[in-house]
Amino acid sequence: MAAKFFLLALLALSFSRARASDPSQLQDFCVADRTSEVFVNGFACKDPKTAVVEDFYFSGLHMAGNASNKQGSAVTAVNVAHIAGLNTLGISLARVDYARYGQNPPHIHPRASEILTVVEGSLYVGFVTSNPENKLFSKVLNQGDVFVFPQGLIHFQYNCGTKKAIAIAALSSKNPGVITIANVVFASKPSIKDDIIAKAFQVDKKIVDHIQAQF
Ligand SMILES: *[C@@H]1O[C@H](CO)[C@@H](O)[C@H](O)[C@H]1NC(C)=O
């Protein structure tokens, strides 16, 4: 009997701790006070009486990002850093512009799932599951198609069309974070020792040194 109760209590506790996104807010809003010196999980709230409509507003997503770079893509993020009123609300979004054959390289959002809509063009997209399966889920998307990238999984988008592409992505965190795989592996500061990366990738150290030099 006691064991059963203990098990139920444990289950209840584990459910109450399960979170799919940022912790939910305990008031109408908590506009980020970026001048606060208090360190909390997120940002401290400014006095709600001082909140203004601009705290909930951003303009500029009609403008294309500059995708003239090595990857051929540009992400224009709109998160709590751009809209202070997103603090504690658990959502944000981004516009992604892709040059012809451009890509948003393999990356992770440590704190958010993502739902992406193709506004213009065609994208080959995918994500890979965790160990041991490492299964690739991939698909070609066209205008109006929507695809989901589950939280914490490596994913990418590649412009497989014949012209530029545009996507709008919504994310389940006010501050999703981005970990670009190539950057963290080959361009950390200071760098990870090349023998470690060489062994991990099963290649010669010279190849690692060559890749590191590209960043
Ligand atoms: C886009 O970026 C490239 C490379 O940094 C730069 O040469 C070019 O002037 C930029 N274009 C615009 C419109 O800002």
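Residues numbered from 1 in each chain as written. Predicted model: local features only at pLDDT ≥ 70, side-chain atom pairs only at ≥ 80, totals over all residues. Heavy atoms only, no water.

## What to know about the UniProt feature "binding site: Mn(2+)" (unreviewed entry) in the chain
- Feature annotation in UniProt places "binding site: Mn(2+)" (unreviewed entry) on His107, His109, Glu114 and His155, given in this structure's numbering. In sequence the annotated residues extend across 49 residues, while in space they remain close, none of their C-alpha pairs exceeding 11.9 Å.
- One can find glutamate 114 in strand β4 (residues 114-120).
- Beyond its immediate sequence surroundings of up to four residues, glutamate 114 is in contact with His109, Phe147, Val148, Phe149, His155, Gln157, Ala169, Ala170 and Leu171.
- Among the polar contacts listed, one links the side chain of glutamate 114 to the side chain of histidine 109, at a separation of 2.9 Å. (UniProt positions renumbered as here; feature names shortened; annotations may be inferred. Helix = DSSP H or I, 4+ residues; strand = E, 2+ residues; numbered from the N terminus. Contact = heavy atoms within 4.5 Å. Polar contact = N/O pair within 3.5 Å; in protein donor to acceptor, adjacent residues only side chain to side chain.)

## Concerning unusual backbone geometry
- Of the consecutive residues asparagine 131 and proline 132, the connecting peptide bond is found in the cis state with omega at 0 degrees.
- Here proline 132 shows up in the loop between β5 (123-128) and β6 (136-141).
- Going from lysine 189 to proline 190, the amide bond is cis rather than trans, its omega being -5 degrees.
- Of note, proline 190 is situated in the loop between α2 (181-186) and α3 (194-201).

## Focus on the pairing of strand β3 (residues 103-108)
- In this structure, β3 lies alongside strand β8 (residues 154-159), joined through three bridges in antiparallel fashion. Each bridged residue has a counterpart across the sheet, and for histidine 107 the counterpart in β8 is histidine 155.
- Examined bridge by bridge, β3 and strand β10 (residues 179-180) share two bridges and lie antiparallel to one another. Directly across from isoleucine 108, in β10, lies its bridge partner isoleucine 179. (Pairing = 2+ DSSP bridges.)

## Regarding the environment of isoleucine 192
- Within the fold, isoleucine 192 resides in the loop between α2 and α3.
- On the basis of relative accessibility, which here comes to 35%, the residue isoleucine 192 falls in the partly exposed class.
- For the pair isoleucine 192 and glutamine 212, spaced 20 residues apart in sequence, the C-alpha separation works out to 9.9 Å. (Buried < 20%, exposed > 50% of the residue type's maximum accessible area, 1.4 Å probe, protein only.)

## Here's the deal with the pattern of salt bridges
- Within this structure, the stated rule accounts for five salt bridges.
- Between aspartate 195 and lysine 193 there is a salt bridge, with its nearest N and O atoms 3.7 Å apart.
- Between lysine 205 and aspartate 195 there is a salt bridge whose closest N-O contact spans 3.3 Å. Of this pair, lysine 205 sits in helix α4 (residues 205-213) while aspartate 195 sits in helix α3, and the two are ten residues apart along the sequence. (Salt bridge = Lys/Arg side-chain N within 4 Å of Asp/Glu carboxyl O.)

## Some thoughts on the state of the cysteines
- Across all of its chains, the model carries one disulfide by this definition.
- Here cysteine 30 connects covalently by a disulfide to cysteine 45, the sulfurs 2.1 Å from one another. Here the disulfide of cysteine 30 and cysteine 45 is left-handed, its torsion about the S-S bond being about -100 degrees. A residue pair is termed long-range when its members are at least 10 positions apart, and cysteine 30 in the loop between α1 (2-17) and β1 (73-78) and cysteine 45 in the loop between α1 and β1 qualify at 15 residues.
- With a relative accessible area of 38%, cysteine 45 lands in the partly exposed category. (Disulfide = S-S within 2.5 Å.)

## Overview of the environment of asparagine 142
- Locating asparagine 142 in the fold gives a position in the loop between β6 and β7 (146-149).
- Taking relative accessible area as the criterion, asparagine 142 reaches 38% and is therefore assigned partly exposed.
- Sequence separation between asparagine 142 and threonine 117 is 25 residues; the distance between their C-alpha atoms is 9.1 Å.
- Beyond its immediate chain neighbours, meaning those up to four positions away, asparagine 142 contacts Val118, Gly121 and Ser122.
- Looking at asparagine 142, its side chain comes within polar contact range of the side chain of serine 122, at 2.7 Å.

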